[in-house]
Amino acid sequence: MKHKDGKPFPPDKSPRTVPMAIIFLVLCGFSFYLGGIFCSEKNKYVTDDTTEAIDTTQEMATGTLQTKAVTFSVCSIEYQDYTPCTDPRRWKKYGLHRLTFLERHCPPIFERKECLIPPPDGYKLPIRWPKSRDECWYRNVPYDWINKQKSNQHWLRKEGEKFFFPGGGTMFPNGVSVYVDLMQDLIPGMKDGAIRTAIDTGCGVASWGGDLLDRGILTVSLAPRDNHEAQVQFALERGIPAILGIISTQRLPFPSNSFDMAHCSRCLIPWTEFGGIYLLEVHRILRPGGFWVLSGPPVNYEHRWRGWNTTIEEQRSDYEKLQELLTSMCFKLYNKKDDIAVWQKLSDNSCYKKLENPDIYPPKCDDGTEPDSAWYTPIRPCVVSPNPKYKKVALKSLPKWPQRLHAAPERVSDVRGGSDGAFNHDDSKWKTRVKHYKKLVPAIGTDKIRNVMDMNTLYGGFAAALIDYPLWVMNVVSSYAANTLPVVYDRGLIGTYHDWCEAFSTYPRTYDLLHLDGFFTAESHRYGTDTIFL
């Protein structure tokens with residue numbers, strides 16, 4: 001720069017500019033500060049006293065790390081089956097509409113318990129798998145109501161110190177195996193590995209999911225904490241995958257196009273009410289070509305209506321309305337026999353094109369609706385149509401089980417940094433790590449470990465490396481992390497979204513091994529009295 005007379009300005013020696021390195025360091029420090037206070041301010045787990053108690057001091061001379069002992073008080077016995085976000089003590093705070101009081105409602109900070117959950121009086125270590133599928137200790141799940149109410153349907157029976165599970169159900173009084181045999185006749189894909197993942201809504205004591213394990217099908221048994229008391233706790237005590245949940249006003253914590261099959265056996269969900277909004281959620285989580293199986297009202301109403309305290313005209317009307325709703329959502333009736341009806345979600349994009357007509361109900365969801373957003377996301381009254389860019393998400397396009405376990409899914413490319421090579425590298429890495437884990441924890445692979453949770457999974461590699469062991473893994477993907485859960489389901493594994501600033505949707509004492517890769521949570525103490533933390 002120059003004066004008007006052409007002479008240059010003297011160089012400015014004042015420090016008006018800050019070196020870029022200092023700006024960078026300031027921004028990094030500020031970001032670190034925000035990240036550090038995020039969970040502690042939003043969802044604080046421990047008291048100030050506890051925080052002070054876990055401060056550590058390092059002895060510089062010896063280089064050793066010493067930690068102070070941490071002590072927690074024990075909750076009163078009334079909290080032996082405490083489920084913080086589905087607590088019956090707080091039901092009255094929420095509405096009855098669509099049973100919203102049964103959804104997740106986590107307590108505010110000032111109501112949260114900061115004590116150890118005690119086991120029930122007389123608690124014993126759970127019976128080992130596979131014996132546990134048929135029996136469990138009564139004192140571990142001391143609920144008599146469900147036993148008395150469902151004894152005539154053979155859900156379970158109490159004998160001495162144990163509950164026994166004969167495999168009965170409301171719609172399969174002759175046993176679940178006979179029931180599933182008939183279902184396999186209607187859906188041949190259940191026999192040849194085409195169907196691998198399933199969800200059972202209103203699962204009872206999870207006998208359906210338990211029977212499918214021997215048939216190579218991995219089921220998420222879903223039920224709320226309601227007047228049946230402990231359906232999910234019974235399931236997990238038996239060693240069967242399960243999670244607390246209900247189809248109500250919020251989406252289920254699963255990605256779209258994830259399950260190969262969904263099932264409802266007299267699950268008491270009013271499918272035709274509220275414009276069929278519950279069916280819309282089933283449609284969202286089923287992959288194209290997937291199956292929805294219904295047994296119970298109004299299926300086979302011609303022969304069953306007398307036992308349902310209704311009239312044949314009402315049941316005929318309900319069935320016709322159900323069929324109409326399913327057709328409008330791009331389902332087709334696939335097969336039907338006796339008490340079981342099967343519908344299939346269409347893969348043909350021409351059906352979903354018709355939903356763009358503004359006069360049609362339900363309409364197609366607009367582009368602003370994220371199909372995989374499923375953590376405290378309201379269910380919308382619209383159809384989430386399959387993305388036409390995916391050519392290998394439909395059931396018929398996936399490799400059959402077990403080949404699909406190690407085949408890189410198409411949706412891995414949606415993950416930032418994801419590719420077939422990255423997937424294969426992760427798969428190989430976990431095979432090596434699990435061999436090392438086995439040396440550290442010899443119980444892995446034995447009957448001592450059945451229910452496992454991977455609390456921070458990427459592609460489900462840890463679960464895949466354990467596939468030959470007599471256990472199952474609940475893969476958890478953070479609601480704030482990259483959306484890798486579709487990849488987990490595409491390879492034939494199961495999992496859920498979760499925010500670890502909140503309590504997980506399960507009962508205490510239900511997991512044998514918790515695995516963490518990359519972070520720590522204060523929530524882990526609630527899951528078991530003999531849990532291995534890896």
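Residues numbered from 1 in each chain as written. Predicted model: local features only at pLDDT ≥ 70, side-chain atom pairs only at ≥ 80, totals over all residues. Heavy atoms only, no water.

Spatially, S8-S7-S6-S9-S10-S12-S11 is the arrangement adopted by the 7 strands of the open sheet, whose pairing is mixed. In this open sheet, the two strands that pair with only one neighbour each are strand S8 (242-244) and strand S11 (331-337). Adjacent strand axes in the sheet meet at a mean angle of 20 degrees when their direction is disregarded. Summarising the sheet, strand S6 (residues 197-201) and strand S7 (residues 218-223) pair through 5 bridges and their orientation is parallel. Looking across to S7, one finds that Ala198 is bridged to Thr219. Across the sheet, helix H7 (residues 277-285) is in contact with S6, strand S9 (259-265), strand S10 (286-295), S11 and strand S12 (340-345); its angle to S10 comes to roughly 135 degrees. Contacts from helix H9 (residues 312-328) reach S10, S11 and S12, with the element oriented near 135 degrees to S11. (Pairing = 2+ DSSP bridges. Helix = DSSP H or I, 4+ residues; strand = E, 2+ residues; numbered from the N terminus. Axes fitted to C-alpha atoms, helices over the stretch in contact; angles between N-to-C directions. Contact = heavy atoms within 4.5 Å.)

Moving on to a nonpolar patch on the surface. On the surface, a nonpolar cluster with roughly 320 Å² of combined accessible area is contributed by Val70, Phe72, Val74 and Leu116. Within the secondary structure, Val74 sits in the loop between strand S2 (65-67) and strand S3 (135-137). A relative accessible area of 57% places Val74 in the exposed class. (Patch = residues over 30% accessible without salt bridge, like charges linked within 9 Å, V, L, I, M, F, W, Y side chains within 5 Å. Areas by Shrake-Rupley, 256 points an atom, 1.4 Å probe, with all protein chains shown as cover. Salt bridge = Lys/Arg side-chain N within 4 Å of Asp/Glu carboxyl O. Buried < 20%, exposed > 50% of the residue type's maximum accessible area, 1.4 Å probe, protein only.)

Turning our eyes to something else, we now look at the sheet that holds S3. Spatially, 3 strands are ordered S3-S5-S4 in an open sheet, and the strand pairing comes out antiparallel. Among the strands making up the open sheet, the edge pair consists of S3 and strand S4 (157-159). Geometrically, the sheet is characterised by an average inter-axis angle of 30 degrees between neighbouring strands, direction not taken into account. As paired elements, S4 and strand S5 (residues 162-164) share 3 bridges and run antiparallel to each other. Within the sheet, the bridge partner assigned to Lys158 lies in S5 and is Phe163.

With respect to the secondary-structure elements, His283 resides in helix H7. In this structure the side chain of His283 is engaged in a polar contact, spanning 3.0 Å, whose partner is the backbone oxygen of Met329. (Polar contact = N/O pair within 3.5 Å; in protein donor to acceptor, adjacent residues only side chain to side chain.)

One pass over the structure, following the stated rule, counts 5 disulfides. At a sulfur-sulfur separation of 2.0 Å, the disulfide partner of Cys85 is Cys106. Disulfide Cys85-Cys106: the torsion about the S-S bond is 105 degrees, which places it as right-handed. In this pair, Cys85 sits in the loop between S2 and S3 while Cys106 sits in the loop between S2 and S3, placing the two residues 21 residues apart along the sequence. Assigned by exposure class, Cys85 and Cys106 land together as buried. Two residues, Cys330 and Cys351, share a disulfide whose sulfurs are 2.1 Å apart. On the S-S bond that ties Cys330 to Cys351, the torsion sits near -95 degrees, and the link is left-handed. Residue Cys330 is found in the loop between H9 and S11, and its partner Cys351 is found in helix H10 (residues 349-354); the two are separated by 21 residues along the sequence. Here the two residues Cys330 and Cys351 agree in accessibility, since each one is buried. (Disulfide = S-S within 2.5 Å.)

Take empty space enclosed by the protein next. For the coordinates displayed, the defined rule picks out 3 cavities of 30 Å³ or more. What the largest cavity holds in volume is close to 50 Å³. Around the largest cavity sit Arg251, Leu280, Glu281, Arg284, Cys365, Ile379, Arg380, Cys382 and Val384, which together line it. Across the lining of the largest cavity, the residue classes tally to 5 nonpolar, no polar and 4 charged. The space that makes up the second largest cavity amounts to roughly 40 Å³. (1 Å grid on protein atoms, 1.4 Å probe; cavity = no way out; pocket = protein on both sides within 12 Å on 5 of 7 lines; lining within 4 Å. Points joined across faces, edges and corners; volume = space filled by probe spheres on them. Nonpolar A, V, L, I, M, F, W, Y, C, P; charged D, E, K, R; others polar.)

Turning to the pairing of strand S15 (residues 495-498), a few remarks are in order. Covered by surrounding structure in S15 are Gly495 and Tyr497 together with Thr496 and His498, the residues of both alternating faces. Across 4 bridges, strand S14 (residues 472-478) lies against S15 in parallel orientation. Each residue of the ladder has a partner; that of Asn475, found in S15, is Gly495. Read from S14 through helix H13 (residues 485-490) to S15, the crossover connection turns out right-handed. (Right-handed = clockwise from strand over helix to strand, strands pointing away.)

Our next topic: the side chain of Ser505. Relative to the helices and strands, Ser505 is located in the loop between S15 and strand S16 (513-515). A residue is classified by how much of its surface remains accessible, and Ser505, at 10% relative accessible area, is buried. Leaving out residues up to four positions away in the same chain, Ser505 has contacts with Arg104, Ile243 and Leu244.

What follows covers unusual backbone geometry. When glycine is set aside, most residues are seen to have a negative phi, and most peptide bonds are trans. Cis geometry is adopted by the peptide bond preceding Pro298, which originates at Pro297 and carries an omega value of 0 degrees. Take Pro298: it is sitting in the loop between S10 and helix H8 (301-304). The residue after Tyr361, namely Pro362, is reached through a cis peptide bond having omega -5 degrees. One can find Pro362 in the loop between H10 and helix H11 (420-440). Unlike most non-glycine residues, Arg266 shows phi in positive territory, near 45 degrees. With respect to the helices and strands, Arg266 occurs in the loop between S9 and H7.

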